[in-house]
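# Remarks on the overall topology
One-letter residues, chain by chain:
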Amino acid sequence: MKIGGFNKLTTQDFPGNLACIIFTNGCNFDCSYCYNRDLVDNKAEEISEEEIFSYLNQRKKMLDGVVISGGEPTIWNDLIPFMEKVKELGLKIKLDTNGYRPDVLKEIIDKNLVDYIAMDIKTLFNEYYKIINKKIDTDKLIESIKLIKASKVDHEFRTTIIKGFHTVEDLDKIVDVIDGSPYYLQNFRMEDTVNDKKLFGFTEEELNEIKEHFKNKPSVTVRYV
Ligand code: SF4
């Protein structure tokens, strides 16, 4: 597994837990709005597993867990052995994923290697190609959603919302698919690393309108930043 980023401490990324985050290189999607191009394009300088485990061994009593993000972690065949090693230290794991490897997710869930899963749902399934710039088998995404929902693992689904791509009607349909699971709408923000400079997020006023639209759906949360 190629690791291209490592934040030693976060209170924000693993709900209720003090954690570190590792970012794996590489991805099976190619999203126009991706902030992590250096990871996706395999340009991020590699950080060794030895370095990560040296830190985890020193700090395992202080940390609650490890977030594994990317890129897309599930593309790596040695993700599961890596997670097993983290678990042997008594640490919890949160996995961020785009959901395109349900086979890997199933094994991870079956082996009790994960404590929290955050899965991106980019948009309506028939429109995925517009955001990820690839034609994919969207049945795999549906399979992952079903697996996650059927598991006892804490989880959330989330969509980065982009003006001109996402309408409230689209979001209503996604809310129906995930059927009561926690769902976060994260506003797109432009970064230097984003390839498509023509993308926009929603204004605060528009976000307020989206929030108002979902006021009777407590599972839906609008994140402004
Ligand atoms: S799935 Fe995530 S990491 Fe991969 S290209 Fe899209 S935004 Fe970037």
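Okay, so let's go over this structure. (Residues numbered from 1 in each chain as written. Predicted model: local features only at pLDDT ≥ 70, side-chain atom pairs only at ≥ 80, totals over all residues. Heavy atoms only, no water.)

## Re the nonpolar core
If you look at the biggest cluster of nonpolar residues, it comprises 64 residues, and the most contacted ones within it are Leu 56, Ile 68, Phe 82, Ile 108, Tyr 183, Leu 185 and Ile 210. Per-element tally for this core: the top contributor is helix 3 (residues 79-88), with five residues. Apart from the residues within four sequence positions on either side, Leu 185 is in contact with Thr 159, Ile 161, Leu 171, Ile 210, Phe 214, Val 220, Thr 221, Val 222 and Arg 223. (Core = buried A, V, L, I, M, F, W, Y, C linked by side-chain atoms within 4.5 Å. Buried < 20%, exposed > 50% of the residue type's maximum accessible area, 1.4 Å probe, protein only. Helix = DSSP H or I, 4+ residues; strand = E, 2+ residues; numbered from the N terminus. Contact = heavy atoms within 4.5 Å.)

## Considering the pairing of strand 8 (residues 220-223)
Side-chain positions along a regular strand alternate between the two faces of the sheet. Only one face of strand 8 is buried, namely the one carrying Val 220 and Val 222, since none of Thr 221 and Arg 223 on the opposite face is buried. As judged from the four bridges shared by strand 7 (residues 183-187) and strand 8, these two strands associate in the parallel manner. Paired with Tyr 184 across the two strands is Thr 221, which belongs to strand 8. With helix 8 (residues 204-213) bridging strand 7 and the parallel strand 8, this β-α-β connection has right-handed handedness. (Pairing = 2+ DSSP bridges. Right-handed = clockwise from strand over helix to strand, strands pointing away.)

## A short note on unusual backbone geometry
With an omega dihedral of 15°, the bond running from Gly 70 to Gly 71 counts as a cis peptide bond. As for its position among the elements, Gly 71 is in the loop between strand 3 (65-69) and helix 3. Located in the positive-phi region is Asn 42, a residue other than glycine, with phi close to 60°. If you trace the backbone, Asn 42 turns up in the loop between helix 1 (37-40) and helix 2 (49-59). Accessibility expressed as a relative area gives 40% for Asn 42, which makes it partly exposed. One non-glycine residue, Asp 179, adopts positive backbone phi at about 50°. Within the fold, Asp 179 resides in the loop between helix 7 (168-178) and strand 7.

## A few points about the site of the ligand
Lining the immediate environment of the ligand, one finds Cys 27, Phe 29, Asp 30, Cys 31, Cys 34, Val 40, Gly 71, Asn 98 and Lys 122. Looking at the shell around the ligand residue by residue, the class counts come to five nonpolar, two polar and two charged. (Near = heavy atom within 4 Å. Nonpolar A, V, L, I, M, F, W, Y, C, P; charged D, E, K, R; others polar.)

## A word on the pattern of salt bridges
Applying the stated criterion across every chain yields a total of 19 salt bridges. The partner of Lys 122 in a salt bridge is Asp 120, and the shortest N-O contact between them spans 3.3 Å. The closest approach of N and O atoms between Lys 130 and Glu 127, which form a salt bridge, is 3.4 Å. What makes Glu 127 partly exposed here is its relative accessible area of 22%. Several salt bridges converge on common partners, so that one network encompasses Lys 94, Asp 96, Asp 120, Lys 122, Glu 156, Arg 158 and Arg 223. (Salt bridge = Lys/Arg side-chain N within 4 Å of Asp/Glu carboxyl O.)

## A word on the sheet that holds strand 2 (residues 19-24)
Spatial ordering of the open sheet is given by 1-2-3-4-5-6-7-8, a layout of eight strands whose pairing is mixed. The open sheet terminates on both sides in strands that have one partner only, identified here as strand 1 (3-10) and strand 8. Strand after strand, the sheet turns through a mean of 20° between neighbouring axes, direction not considered. (Axes fitted to C-alpha atoms, helices over the stretch in contact; angles between N-to-C directions.)

The analysis is restricted to geometry; functional conclusions fall outside its scope.
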